[in-house]
Amino acid sequence: MTNMVGQVLESHKITFHEDELPPEGLSHNRALHITVQLEDKFIARVLIYGGSSLNICLLTTLKRLGKGLHEIRPGTINVKAFDGSQRATIGEINLCLQMSPTWFDVEFQVLDISATYNLMLGKPWIHATGVVASTLQQVVKFEWNHQEVIIHGDESNPIYTNQTVPVVEN
């Protein structure tokens, strides 16, 4: 009986291995960016950042996706930037993002700022979905239908090479 319990617990374990490291090994200093799909568009430069207490969507990203300002719900959240400055969000919007075999309905705070990413997925998304992200291996892993799903970072394994697909980039 103990063996069976061990096998069940083992199947719900996400692990990372040395052979998953990018070619430069431990010496890289990259942020973890992935590509996701929203309807018929692919959104590159989606930052996975466990240091953020919010999911952020840039206003410019929404416009490039063809979303109107009327789709943004009023919000009252103030965001504190890395430099200590604060700004109010424009509001919030839910976007249904496809990642590999599944979809995630994500609530984003909309900001009118300049950034190196299009979307930022922070702790609310990471915790709600049970995702485990590794900036070292440049992958995001999660369990879906009792299977481990692996999404590689944009720079470590280009996912989409067909440029006929509309891609939103910075």
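## Concerning the overall build of the protein
Logical step 1: Helix and strand counts for the protein stand at three helices and 12 strands.
Logical step 2: Out of the 170 residues belonging to the protein, those deemed buried represent 38%.
Logical step 3: Across the protein, contacts joining residues at least 24 apart in sequence account for 61% of those joining residues at least 6 apart.
Logical step 4: Surface accessibility of the protein: about 10,000 Å² in total, with carbon and sulfur atoms responsible for 52%.

## Some remarks on unusual backbone geometry
Logical step 1: The backbone phi angle of arginine 45 is positive, close to 55°, even though this residue is not glycine.
Logical step 2: Looking at where arginine 45 falls in the secondary structure, it is placed in strand E2 (residues 41–48).
Logical step 3: We classify arginine 45 as partly exposed; its relative accessible area is 24%.
Logical step 4: In the Ramachandran plot, histidine 146 falls in the positive-phi region, its phi being about 60° despite a non-glycine side chain.
Logical step 5: Residue classification places histidine 146 among the exposed residues on the basis of a relative accessible area of 65%.

## Overview of the side chain of histidine 33
Logical step 1: Mapped onto the secondary structure, histidine 33 falls in strand E1 (residues 33–38).
Logical step 2: At 3.3 Å, the side chain of histidine 33 forms a polar contact with the side chain of arginine 45.

## Describing the packing of aromatic side chains
Logical step 1: Under the counting rule described, the total for this entry stands at two aromatic pairs.
Logical step 2: Centre to centre, the rings of phenylalanine 104 and tryptophan 125 are 5.6 Å apart; their planes meet at 85°, and the pair counts as edge-to-face. Placement of the pair is phenylalanine 104 in strand E7 (residues 102–111) and tryptophan 125 in helix H3 (residues 123–129), with a sequence separation of 21 residues.
Logical step 3: Owing to a relative accessible area of 12%, phenylalanine 104 belongs among the buried residues under this scheme.
Logical step 4: Judged by relative accessible area, tryptophan 125 falls into the buried class, the value being 4%.
Logical step 5: Between phenylalanine 104 and phenylalanine 142, the aromatic rings sit 5.4 Å apart at their centres with planes inclined by 75°, giving edge-to-face as the arrangement. You can see phenylalanine 104 sitting in strand E7 and its partner phenylalanine 142 sitting in strand E10 (residues 139–144), a full 38 residues away along the chain. Phenylalanine 142 matches phenylalanine 104 in its accessibility class, with the two residues each being buried.
Logical step 6: Here the aromatic residues Phe104, Trp125 and Phe142 are joined through ring pairs into a cluster of three or more.

The rules we used
- Residues numbered from 1 in each chain as written.
- Predicted model: local features only at pLDDT ≥ 70, side-chain atom pairs only at ≥ 80, totals over all residues.
- Heavy atoms only, no water.
- Helix = DSSP H or I, 4+ residues; strand = E, 2+ residues; numbered from the N terminus.
- Buried < 20%, exposed > 50% of the residue type's maximum accessible area, 1.4 Å probe, protein only.
- Contact = heavy atoms within 4.5 Å.
- Areas by Shrake-Rupley, 256 points an atom, 1.4 Å probe, with all protein chains shown as cover.
- Polar contact = N/O pair within 3.5 Å; in protein donor to acceptor, adjacent residues only side chain to side chain.
- Phe/Tyr/Trp six-rings, centres within 6.5 Å; stacked < 30°, edge-to-face > 60°.

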